[in-house]
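# Structural description and commentary
What follows is the residue order along each chain.
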Amino acid sequence: MKSVRENTPPTGEETEETAPAAKGKGRKKEQGAKKAEAPAPEAPSSEEEWAYEVAHADASTDLAPIVGRNLRRLRTQRGLSLERLAKASGVSRAMLGQIELGQSAPTINVIWKIARALGIPFSALISTTAQTGTRVMRTGQSKRLASHDGSFSSRALFPFDEPRRVEFYELRLAAHAEERADAHPPGTMENLVVTAGTVEIDRGDEHHVLGTGDAILFEADVAHVYRNTSNTEAVMYLVMTYAETVG
C-alpha cells in the first residue's frame, strides 16, 4: 500500500462517523459580538487545510492499518466520537476518519496530538500484538515515522508489541531543518543524546545548544523544538519516559 499523499474524502457509502466535516463552515465572529472564551482548536475543513497531516512518502506505510485499528479501539473504549476527538486533538475529523480506515499514514506530530488527547503513550497507537523472548530488529525492516516534508524522521528501537513506560527512538533531522513538538502528558521526560551534527533544543523560554556527544534531560510537558543548525543531517537518540503506563 502506498503512503497517502493526497487524501480523497470518504464516499457516501462510508458511515457518518468517518465522513469529513462539512466545508465552508463560517468562522468569523459576528461584528460587535461579546468576546468569549477561546474555543478548542477547530479541525481543518478542507483537504488543502489538512494535507499537512499526512506523512511523507518515506514513512512506513505498513503502520497505517496498525494505527487505524488502535485508534478506533482506543477512541471507542473512551466513548469519543470523531468530532469530539478532533476538537480535543486539533486533528481534523476527516483525517481521523482516514486514519481509522487505514487509508492515511499520519505524521509524527499528528500521532502525538492524538495520543495526548486520548491520554495514552505514543506506543499505544503503533503497537501490534504482545510477544515475549528476544527480539532482533533489523535495519532493513525498521518502521519509520516522518514529518510531512520528510525533513524529520523517527525510528522506534523497540518492538511495537504493547504500550510501555519507556520508549527508545533514533531521530534524524535534515540540515537546517526544525521539528516542533507539542507538550506531552505531564511527567513525561525526554533524555536525548546527539551523535552527529549540532542541534538546538528550545523548551518554552529555555534555549540549549548540543554538539556531537552532548546529552540533555528535560520535562517534555511543554512545547519544544529540535533545530539542526549544521550543514549535515543530525542524528539523535531519544529515551522517552512516561509518568505511568496507560493501556
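Residues numbered from 1 in each chain as written. Predicted model: local features only at pLDDT ≥ 70, side-chain atom pairs only at ≥ 80, totals over all residues. Heavy atoms only, no water.

Turning our eyes to something else, we now look at the overall build of the chain. For the chain, the count of helices and strands is five helices and 10 strands. Residue pairs in contact within the chain that sit at least 24 positions apart in sequence constitute 71% of those at least 6 positions apart. Total accessible area computed for the chain in this model is approximately 12,900 Å², and 50% of it derives from carbon and sulfur atoms. (Helix = DSSP H or I, 4+ residues; strand = E, 2+ residues; numbered from the N terminus. Contact = heavy atoms within 4.5 Å. Areas by Shrake-Rupley, 256 points an atom, 1.4 Å probe, with all protein chains shown as cover.)

Among the nonpolar cores identified, the biggest contains 48 residues, and Ile114, Phe122 and Leu192 are the most heavily contacted of them. The dominant element in this core, judged by the number of residues it contributes, is helix 5 (residues 108–118), at seven residues. The residues contacting Ile114, other than those within four sequence positions of it, are Leu71, Ser89, Val91, Leu96, Ile99 and Leu125. (Core = buried A, V, L, I, M, F, W, Y, C linked by side-chain atoms within 4.5 Å. Buried < 20%, exposed > 50% of the residue type's maximum accessible area, 1.4 Å probe, protein only.)

Moving on, we come to the packing of aromatic side chains. A full pass over the atoms with the stated rule returns three aromatic pairs. Relative to Tyr226, the ring of Phe152 has its centre 6.0 Å away and its plane inclined at 10 degrees; by these criteria the two rings are stacked. In this pair, Phe152 sits in strand 2 (residues 152–156) while Tyr226 sits in strand 9 (residues 224–228), placing the two residues 74 residues apart along the sequence. Grouping residues by exposure puts Phe152 and Tyr226 together as buried. Geometrically, the ring pair formed by Phe168 and Tyr237 is tilted, given 6.2 Å between the ring centres and 40 degrees between the ring planes. Of this pair, Phe168 sits in strand 3 (residues 166–173) while Tyr237 sits in strand 10 (residues 234–241), and the two are 69 residues apart along the sequence. You can call Phe168 partly exposed: its relative accessible area is 35%. (Phe/Tyr/Trp six-rings, centres within 6.5 Å; stacked < 30°, edge-to-face > 60°.)

Of all the five residues making up strand 9, five are buried; the element is thus mostly covered by neighbouring parts of the structure. Burial along strand 9 is two-sided: His224, Tyr226 and Asn228 and Val225 and Arg227, pointing in opposite directions, are all buried. Where strand 4 (residues 178–181) meets strand 9, four bridges bridge the pair, whose relative direction is antiparallel. In the sheet register, Glu178 faces strand 9, and the bridge partner there is Arg227. In this structure, strand 6 (residues 199–203) lies alongside strand 9, joined through five bridges in antiparallel fashion. Within strand 9, the residue paired with Asp202 across the bridge is Val225. (Pairing = 2+ DSSP bridges.)

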